[in-house]
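# Chain and residue survey
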Amino acid sequence: MLDVSTRAYEMMIIVDGEEEDAMVDDVVGRVEAWLNDGESKLATTDKWGKRKFAYEIDHKTEGHYVVLEMVTEPRDMAPLERTLRLADEVVRHKLIRLPDHEAARRGLIEA
């Protein structure tokens, strides 16, 4: 069980629409491997599938959307973001720290 100083995060990752589902699983696996280095856990993985972009991003019109919820002790999330930023198959990603009341509502941390 994680202690009370844990933090909940939500991350959306958009993988290039031309990539196969195996590449999406590989990206999620890399995030999971990074989390396993400490007292962290990947709470949920929600694959939205391939969707059309509202506007063109890097000459691409669609991508595979994945939303991850994770719980971790306070740690520097910059290495994870750097890894995703450098991955050619990742078109965009966004990491947000969930407010404690929202994380508790979702059942990620204890209130």
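It should be noted that the structure appears before, not after, this text.
Small disclaimer: the values here were computed from a predicted structure and weren't measured.

### Some words on the pattern of salt bridges
Following the criterion strictly, the structure yields ten salt bridges and no others. Close ionic contact of Asp16 with Lys60 constitutes a salt bridge, the shortest N to O distance being 3.4 Å. Taken together, the positions of Asp16 in strand β1 (residues 7-16) and Lys60 in strand β3 (residues 60-72) put the pair 44 residues apart, joining distant regions of the chain. The salt bridge partner of Glu102 is Arg106, with a shortest N-O separation of 2.7 Å.

### A closer look at the environment of Glu62
Here Glu62 lies in strand β3. Residues Glu62 and Leu84, spaced 22 residues apart in sequence, show a C-alpha to C-alpha distance of 18 Å. Discounting chain neighbours no more than four positions away, the residues touching Glu62 are Asp16, Gly17, Lys50, Arg51, Lys52 and Phe53.

### Describing the environment of Glu89
Tracing the backbone through its elements, the reader meets Glu89 in the loop between α2 (78-86) and β4 (90-97). Judged by its relative accessible area of 11%, Glu89 falls in the buried class. Residues Glu89 and Gly63, spaced 26 residues apart in sequence, show a C-alpha to C-alpha distance of 9.8 Å. Beyond its immediate sequence surroundings of up to four residues, Glu89 is in contact with Ile14, Val15, Asp16, Glu19, Met23, Val27 and Arg30.

What counts and what doesn't
- Residues numbered from 1 in each chain as written.
- Predicted model: local features only at pLDDT ≥ 70, side-chain atom pairs only at ≥ 80, totals over all residues.
- Heavy atoms only, no water.
- Salt bridge = Lys/Arg side-chain N within 4 Å of Asp/Glu carboxyl O.
- Helix = DSSP H or I, 4+ residues; strand = E, 2+ residues; numbered from the N terminus.
- Contact = heavy atoms within 4.5 Å.
- Buried < 20%, exposed > 50% of the residue type's maximum accessible area, 1.4 Å probe, protein only.

Coordinates in, geometry out; function isn't part of it.
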